[in-house]
Amino acid sequence: MSKNITPYKDSNLGKKEQVAQMFNTISGNYDDLNRVISFGIDVKWRKKVVQLVNETKPEKVLDIATGTGDLAILMTQTSATEIIGLDISEGMLEVGRKKIKTKNLDGKIEMVLGDSEHIPFPDNYFDAITVAFGVRNFETLEKGLAEILRVLKPNGRFVILETSVPTKFPYKQGYSFYTKFILPTIGKLFSKDKVAYKYLSDSANEFPFGEALNNILRKIGFIEVTDLPQTFGVASIYYASKK
């Protein structure tokens, strides 16, 4: 299991509240800064998530840790007739709602305030559930994953897109330098929250990936667990199903 990395080490708040506070603070420039930090490659990764979801021809899709709604918006390219974006940060959701309205998609996507450990939907409700760069922000990983399993329909598809750590030279060394020095420096220069991007890099380095995360998913009860490393291993896509 990963260390319990939190954004604000001196805060008395729990991880969940700290994460919400952090994303509320950086929500205004999060999209632009995220494109710079990832060199825009994250768009390509998200499109692969959409392809995996669309293979199941879903009607109801839940995007957890939806942030400003990038993945939820892409889900309109699937067969889904009900798309829910769930996030713990009202600031991020508000940015997302404006994007959705601009694209005239407010009739197709609903943005809901909530968190992964208390999903406000009944058992076996969604055909597909996605989380892009959000599982490492869960306060209790296993609890969040178990709640996702609860609301996923039998034979439904769960897809995670998350950072991972390259294991081969020279990508491993280059990734380590980038996340420890470059990413936090960019965050300090362009973000109102000076520690936010250090937390994002620290949590990425500590979070279980590859077979370690596969095993956690299996332990929770997911089946047919598969991981697909992306771009030399700097990110991975995981997909699984429910009995």
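Below is a summary of the structure that appears in this document.

What counts and how
Residues numbered from 1 in each chain as written. Predicted model: local features only at pLDDT ≥ 70, side-chain atom pairs only at ≥ 80, totals over all residues. Heavy atoms only, no water. Helix = DSSP H or I, 4+ residues; strand = E, 2+ residues; numbered from the N terminus. Rg over C-alpha atoms; globule rule 2.2 N^0.38 Å. Buried < 20%, exposed > 50% of the residue type's maximum accessible area, 1.4 Å probe, protein only. Contact = heavy atoms within 4.5 Å. Areas by Shrake-Rupley, 256 points an atom, 1.4 Å probe, with all protein chains shown as cover. Lys, Arg positive; Asp, Glu negative; His and termini not counted. Charge placed at Lys NZ, Arg CZ, Asp CG, Glu CD. 1 Å grid on protein atoms, 1.4 Å probe; cavity = no way out; pocket = protein on both sides within 12 Å on 5 of 7 lines; lining within 4 Å. Points joined across faces, edges and corners; volume = space filled by probe spheres on them. Nonpolar A, V, L, I, M, F, W, Y, C, P; charged D, E, K, R; others polar. Expected span 1.5 Å × (residues − 1). Pairing = 2+ DSSP bridges. Axes fitted to C-alpha atoms, helices over the stretch in contact; angles between N-to-C directions. Phe/Tyr/Trp six-rings, centres within 6.5 Å; stacked < 30°, edge-to-face > 60°.

## Considerations on the overall build of the protein chain
Then, in step 1: Counting its regular elements, the protein chain contains nine helices and seven strands.
Then, in step 2: In terms of overall dimensions, the protein chain is globule-like: its C-alpha atoms have a radius of gyration of 17 Å, near the 18 Å expected for 243 residues.
Then, in step 3: Its C-alpha atoms give the protein chain principal-axis dimensions of roughly 45 × 40 × 35 Å.
Then, in step 4: The buried share of the protein chain, reckoned over its 243 residues, is 55%.
Then, in step 5: Within the protein chain, contacts between residues separated by at least 24 positions form 71% of all contacts whose residues are at least 6 apart in sequence.
Then, in step 6: Carbon and sulfur atoms provide 55% of the accessible area of the protein chain, an area that totals close to 11400 Å².
Then, in step 7: Each charge sign in the protein chain was given a centre, from 33 positive and 29 negative side chains, and these centres are 5 Å apart.

## What about the layout of surface pockets?
Then, in step 1: Of the voids in this model, the largest pocket is the one considered here, and its volume is about 600 Å³.
Then, in step 2: Contributing to the lining of the largest pocket are 27 residues, with Ile37, Ser38, Thr163, Tyr178 and Leu183 lying nearest its centre.
Then, in step 3: Counting only elements with at least two residues in the lining of the largest pocket, the list comes to α2 (30-38), α3 (41-54), α7 (171-190) and α8 (196-206).
Then, in step 4: The element best represented in the lining of the largest pocket is α7, accounting for six residues.
Then, in step 5: Here the lining of the largest pocket is built from residues that sort into 17 nonpolar, eight polar and two charged.

## Some words on helix α5 (residues 90-102)
Then, in step 1: End to end, α5 covers 18 Å across 13 residues, agreeing with the expected 18 Å (1.5 Å per residue, within 8%).
Then, in step 2: Three or more residues of α5 are buried, namely Gly91, Met92, Leu93, Gly96, Lys99 and Ile100.
Then, in step 3: Of the surrounding elements, those touching the buried residues of α5 are α1 (15-26), α2, α4 (70-74), β2 (82-87) and β3 (109-113).
Then, in step 4: Two residues or fewer after α5 comes Asn104, characterised by a positive phi angle close to 55 degrees.

## Regarding the sheet that holds strand β7 (residues 235-241)
Then, in step 1: An order of β3-β2-β1-β4-β5-β7-β6 is seen for the seven strands of this open sheet, with the pairing classed as mixed. The open sheet has two edge strands, β3 and β6 (223-230), and neither has a second partner. Ignoring which end each strand starts from, the neighbouring axes of this sheet average 15 degrees apart.
Then, in step 2: Pairing of strand β1 (residues 60-64) with β2, which is carried by five bridges, proceeds in the parallel orientation. Residue pairing for β2: Lys60 is matched across the bridge by Glu82.
Then, in step 3: Contacting β2 and β3, α5 runs over the sheet at an angle of about 170 degrees to β3.
Then, in step 4: Where helix α6 (residues 141-151) meets the sheet, its contacts fall on β1, β4 (126-132) and β5 (152-163), and the angle it forms with β5 comes to roughly 145 degrees.

## Re the packing of aromatic side chains
Then, in step 1: Tallied over the full model, the rule gives nine aromatic pairs.
Then, in step 2: The interplanar angle of 50 degrees and the centroid separation of 6.2 Å between the aromatic rings of Trp45 and Phe133 together place this pair among those described as tilted. In this pair, Trp45 sits in helix α3 while Phe133 sits in the loop between β4 and α6, placing the two residues 88 residues apart along the sequence.
Then, in step 3: We classify Phe133 as buried; its relative accessible area is 15%.
Then, in step 4: Ring geometry for Tyr125 and Phe126: centres 4.9 Å apart, planes at 75 degrees, overall edge-to-face.

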